Amino acid sequence: MFRSDVDRRGFLKSCYKIGGIAAIMGLGISAVEDAMGWGILPAVVGSGGSRWVSWNELSEEGLGDTSRNFVIFGENTSAGGDETGLGIVSGADLVFTQSGNIAGATGTPPHRPLVSASSQYFTFTNGLFDATLGGTNTWTLIMKIADIANGGTQLIFDCYGDPRVYLYKQATNEFSAHANAQHVGVTTDTVTNSGIVYFCMWSDGVYIRSGFKLLTKPTKWSDFDSGKRNSTKVNYSMPSWVNGTLFINNSAFLGDFTFYYLVMSRACLINNSA
Amino acid sequence: MTQWIKFELIIRPFWNRYGDILSSIDGMRNRKGVDEFTGGGKVYPDIVNQKGKIKEWHEKGTVLLIKVNITEVEAKEHETKDEKLKYKASPKIEKEYNYKDFKAKVLNDIQVKKLKEDFFGIKPLSPESGVTN
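If you're wondering where the values come from, they're calculated on a predicted model, not measured in any experiment.

This part is about the overall build of chain B. Of the regular secondary structure elements, chain B holds 2 helices and 10 strands. Order of helices (α) and strands (β) in chain B, N terminus to C terminus: β-β-β-β-β-β-β-α-β-β-β-α. Here chain B has a C-alpha radius of gyration of 19 Å; the compact-globule value for 133 residues is 14 Å, and the former is much larger. The principal-axis extent of the C-alpha atoms belonging to chain B is close to 50 × 50 × 25 Å. Relative to its full complement of 133 residues, chain B shows a buried share of 42%. Contacts in chain B between residues far apart in sequence, at least 24 positions, make up 62% of those at least 6 positions apart.

Moving on: the state of the cysteines. Residues and elements named next belong to chain A. All told, the structure shown has 0 disulfides over all chains when counted by the stated rule. Lacking any disulfide linkage, Cys-159 is separated from the closest cysteine sulfur, that of Cys-200, by 15 Å. A relative accessible area of 0% places Cys-159 in the buried class. Free of any disulfide, Cys-200 has its nearest cysteine sulfur in Cys-268, 11 Å distant. Overall, Cys-200 belongs to the buried group, its relative accessible area being 0%.

Next up on the list: the pairing of strand 9 (residues 94-98) of chain B. Residue and element names in this part refer to chain B. Across 5 bridges, strand 8 (residues 84-88) lies against strand 9 in antiparallel orientation. Opposite Lys-86, over in strand 9, you have Glu-96 as the bridge partner. The turn joining strand 8 and strand 9, which pair antiparallel and follow one another in sequence, is formed by 5 residues.

Here we take up the pattern of salt bridges. One pass over the structure, following the stated rule, counts 18 salt bridges over all chains. Linking Asp-65 of chain A and Arg-68 of chain A is a salt bridge whose minimum nitrogen-to-oxygen distance equals 3.5 Å. The same class applies to Asp-65 of chain A and to Arg-68 of chain A, which are both buried. A salt bridge links Lys-100 of chain B to Asp-82 of chain B; its shortest N-O distance comes to 3.6 Å. One end of the pair, Lys-100 of chain B, is in the loop between strand 9 and strand 10 (105-107); the other, Asp-82 of chain B, is in the loop between helix 1 (72-80) and strand 8, with 18 residues separating them in the sequence. Members of the salt-bridge network, linked through shared partners, are Arg-51, Asp-65 and Arg-68 of chain A.

Here we take up the interface of chain B and chain A. On the chain A side, the residues contacting the 31 residues of chain B number 42 residues. Surface buried jointly by chain B and chain A totals about 2,800 Å² across both partners, of which 48% is contributed by carbon and sulfur atoms. Our count for the contact surface shared by chain B and chain A stands at 1 salt bridge. Lys-32 of chain B is the salt-bridge partner of Glu-61 of chain A, the closest N and O atoms lying 3.6 Å from each other. Our enumeration of links across chain B and chain A arrives at 12 residue pairs in polar contact (both at pLDDT 80 or more). Within the residue set of the side of chain B that touches chain A, elements represented by two or more residues are strand 4 (37-39) and strand 6 (54-60) of chain B. Ranked by the residues each element gives to the side of chain B that touches chain A, the list is headed by strand 4 of chain B, at 3 residues. Residues of the side of chain B that touches chain A, tallied by class, amount to 10 nonpolar, 12 polar and 9 charged.

Read from one edge of the open sheet, 8 strands run 2-4-6-15-8-9-10-11 (chain A), paired in antiparallel fashion. Only two strands of the sheet have a single neighbouring strand rather than two, namely strand 2 (83-84) and strand 11 (184-190) of chain A.

Moving on to empty space enclosed by the protein. Residue and element names in this part refer to chain A. In this structure the tally under the stated criterion is 1 cavity of 30 Å³ or more. If you add up the space inside the largest cavity, you get close to 30 Å³. Forming the boundary of the largest cavity are Glu-57, Phe-73, Pro-109, Pro-110, Lys-144, Tyr-260 and Tyr-261. Broken down by class, the residue content of the lining of the largest cavity amounts to 5 nonpolar, no polar and 2 charged.

Let us now look at helix 2 (residues 109-118) of chain B. Residue and element names in this part refer to chain B. Those residues of helix 2 that fall on the buried side of the exposure criterion are Val-112, Leu-115 and Lys-116. End-on view of helix 2: buried residues confined to an arc of 100°, all on one side of the axis. More than 90 degrees from the buried face of helix 2, the exposed residues found are Ile-110, Lys-113, Lys-114 and Asp-118. On its buried side, helix 2 packs onto strand 1 (3-8), strand 6, strand 7 (63-68) and strand 10. Between a side-chain oxygen at the N-terminus of helix 2 and the backbone nitrogen of Ile-110 the separation is 3.1 Å; the capping residue is Asn-108.

Calculation rules
Residues numbered from 1 in each chain as written. Chains lettered and ligands numbered in written order. Predicted model: local features only at pLDDT ≥ 70, side-chain atom pairs only at ≥ 80, totals over all residues. Heavy atoms only, no water. Helix = DSSP H or I, 4+ residues; strand = E, 2+ residues; numbered from the N terminus. Rg over C-alpha atoms; globule rule 2.2 N^0.38 Å. Buried < 20%, exposed > 50% of the residue type's maximum accessible area, 1.4 Å probe, protein only. Contact = heavy atoms within 4.5 Å. Disulfide = S-S within 2.5 Å. Pairing = 2+ DSSP bridges. Salt bridge = Lys/Arg side-chain N within 4 Å of Asp/Glu carboxyl O. Buried area = accessible area lost by both parts, 1.4 Å probe. Polar contact = N/O pair within 3.5 Å; in protein donor to acceptor, adjacent residues only side chain to side chain. Nonpolar A, V, L, I, M, F, W, Y, C, P; charged D, E, K, R; others polar. 1 Å grid on protein atoms, 1.4 Å probe; cavity = no way out; pocket = protein on both sides within 12 Å on 5 of 7 lines; lining within 4 Å. Points joined across faces, edges and corners; volume = space filled by probe spheres on them. Arc of directions from axis to C-beta.

Here it is in structure tokens:
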């Protein structure tokens, strides 16, 4: 419909001038998100956190937006196929490139198994890192997986370079999260090796926190049992990406698990006050 | 007995909601019904599905190097195999290729060592603080 984003931006700007917020809202949620992302509309219509709370985890569209959130499912049914997410970036920055001939997705919600023996992992772009985590003190990482193997260092999410950000299961099965040395959280509880688990780390500009939760989506600090969470009081703005490789499943510390989705946001999606 | 074989993998294209292959995804946001796209990835030779036989796997871009538990004669067959095949480039487009397109090459230990060091950059990775094994 529009030759470029510039045309669409101009159109939305005109709509806002003529009809205000109502005119933009009348064009649908994608127009609202674009208008917010381009600074035409103030970001008041649904915060990143509230979308996370109400999201049913069944579609990328329910959470991804153009101003804050990126989400990627393990949903490509072709073996050896890459994954394409939805959210704050565009083009190649939406793509997670697979290695190792990862089996195609099955099930509802869809999921794909990653097998260490076949050296299976995804890599993503520094453009995505910078759009979600870089240059902000509010951000969130949430990875939903299942059936992670017992034992072995398994770096299931790893920005391996400068800065260094990771979520992993230690060889002794505790969950560890690291935000460029500003937060190093290791749980006392161990991660079960069967069923759904959410690995999370987030920052609200006051605290960097991390934890894992079994079975159901966490939305607030108290959803994490005391032995499954850690907190560091620090207001830290994550730098932009300098160099290194960005992985789901670091090729040097491979895990065996089933991948459901990854959320990266430049908003704090977990409620720290509840 | 194990053999090292190097393959050139075939790149799969991205395609749009109509199943048409895209020449570029630049600027696309993957919005349902607007500019959604999917696909991508690589086509692998069938031998990779013989999980029990593969002892090592190194992959970078379109280059795959595997150490596989087969005889030298079986390995050499991959270099000369001439077989017409198809892969699904999108839901409505099948593309033909030949097994020869994988450019299979059996490598000796010296060639493997050089490829590992020069191309794959294989050296021990030192985990940073907090990572223990």
